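# Summary of structural features
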Amino acid sequence: MRDRATALLDTYREAGLRIVTAESCTGGLIAGLLTDIAGSSSVVERGFVTYSNEAKIECLGVPAGIIAAHGAVSEQTARAMAEGALSASRADVSVAVTGIAGPGGGSAEKPVGLVHFGLARRRGATRHLEMRYGDLGRSMVRLRTVADALGMLERALRLDQAAG
């Protein structure tokens, strides 16, 4: 995954774009992976670990009503996290993740392994991805989430390049 992250950083650097992360269930693993690579400071603008609902509201500006109506683990919250991270930074692209890594905390409607992703760009619509990894164990859910967040960032750059 490190090689993939290095390639991602190189591509963003060449495009002159910066990234911000907003993480809940991964607790900073996405930013940690990216910033473990030398030279990442030219691409990674900042990262937010907003594990609690209060942090999502206070740091990212997620409306309390969204969390009350849909829960912290929802499409609406992931989108709001991504948009809030972008607004609270100088980055060009944000990726946000919120989910249930387990082993507890799941329900029939929101099982362990459910993760919602949001991706916002200065240009373009906010995107969403829902993944249901299943109860693979906390570490594996978090690692898969990091991998899929990298995938969203890769696709966002391809969309920007295609748009010219």
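In this report, we go over the structure that sits alongside the text. Predicted model, so just to flag it, every value in this text is computed and none were measured. (Residues numbered from 1 in each chain as written. Predicted model: local features only at pLDDT ≥ 70, side-chain atom pairs only at ≥ 80, totals over all residues. Heavy atoms only, no water.)

### Considering the overall build of the protein chain
Assigned secondary structure in the protein chain consists of 6 helices and 5 strands. Scaling as 2.2 N^0.38, a compact globule of 164 residues should have a C-alpha radius of gyration of about 15 Å, and the protein chain matches this with 15 Å. Each of the 164 residues in the protein chain was classed as buried or not, and the buried ones make up 49%. Nonlocal contacts in the protein chain, meaning residues at least 24 apart in sequence, comprise 64% of its contacts between residues at least 6 apart. (Helix = DSSP H or I, 4+ residues; strand = E, 2+ residues; numbered from the N terminus. Rg over C-alpha atoms; globule rule 2.2 N^0.38 Å. Buried < 20%, exposed > 50% of the residue type's maximum accessible area, 1.4 Å probe, protein only. Contact = heavy atoms within 4.5 Å.)

### Some remarks on the side chain of Lys110
Following the sequence through the fold, Lys110 ends up in the loop between strand S3 (93–99) and strand S4 (114–121). Buried and without a salt bridge, Lys110 has Glu109 as its closest oppositely charged side chain, separated by 4.7 Å. At 2.6 Å, the side chain of Lys110 forms a polar contact with the backbone oxygen of His70. Excluding anything up to four places from it in sequence, Lys110 contacts His70, Gly71, Val73, Ser74, Ile100 and Gly105. (Lys, Arg positive; Asp, Glu negative; His and termini not counted. Salt bridge = Lys/Arg side-chain N within 4 Å of Asp/Glu carboxyl O. Polar contact = N/O pair within 3.5 Å; in protein donor to acceptor, adjacent residues only side chain to side chain.)

### Some points on unusual backbone geometry
Along the chain, Gly102 connects to Pro103 via a cis peptide bond; the corresponding omega equals 5°. Here Pro103 lies in the loop between S3 and S4.

### Considering the pattern of salt bridges
Side chains that carry opposite charge are capable of pairing whenever their charged atoms lie near each other. Tallied over the full model, the rule gives 6 salt bridges. In this structure, Arg4 engages Glu154 in a salt bridge whose closest nitrogen and oxygen atoms are separated by 2.8 Å. Placement of Arg4 in helix H1 (residues 2–15) and of Glu154 in helix H6 (residues 138–163) is noted, with a sequence separation of 150 residues between them. Given the relative accessible area of 33%, Arg4 is considered partly exposed. A salt bridge links Arg132 to Glu130; the nearest nitrogen and oxygen atoms lie 2.7 Å apart. Overall, the relative accessible area of 36% leaves Glu130 in the partly exposed class.

### A word on the sheet that holds strand S1 (residues 19–23)
The 5 strands lie next to each other as S2-S1-S3-S4-S5, forming an open sheet whose pairing is mixed. Edge positions in the open sheet fall to strand S2 (44–49) and strand S5 (127–132), since each of these has one partner strand only. Adjacent strand axes in the sheet meet at a mean angle of 15°, parallel and antiparallel pairs treated alike. (Pairing = 2+ DSSP bridges. Axes fitted to C-alpha atoms, helices over the stretch in contact; angles between N-to-C directions.)

### A closer look at the environment of Leu114
Of note, Leu114 is situated in strand S4. Leu114 gets classed as buried once you look at its relative accessible area, which sits at 1%. Linking Leu114 and Asp135, residues 21 residues apart in sequence, is a C-alpha distance of 8.9 Å. With residues up to four places along the chain from it excluded, the contact list for Leu114 reads Val73, Thr98, Gly99, Ile100, Glu130, Met131 and Arg132.

### Section: the side chain of Ser74
Its place among the elements puts Ser74 in the loop between helix H4 (64–70) and helix H5 (75–87). Judged by its relative accessible area of 4%, Ser74 is buried. Engagement of the side chain of Ser74 in a polar contact is seen with the backbone oxygen of Gly71, the distance being 3.0 Å. Residue contacts for Ser74: discarding those within four places in its chain leaves Thr98, Lys110 and His116.

Remember that the coordinates give geometry; whether it matters functionally is a separate question.
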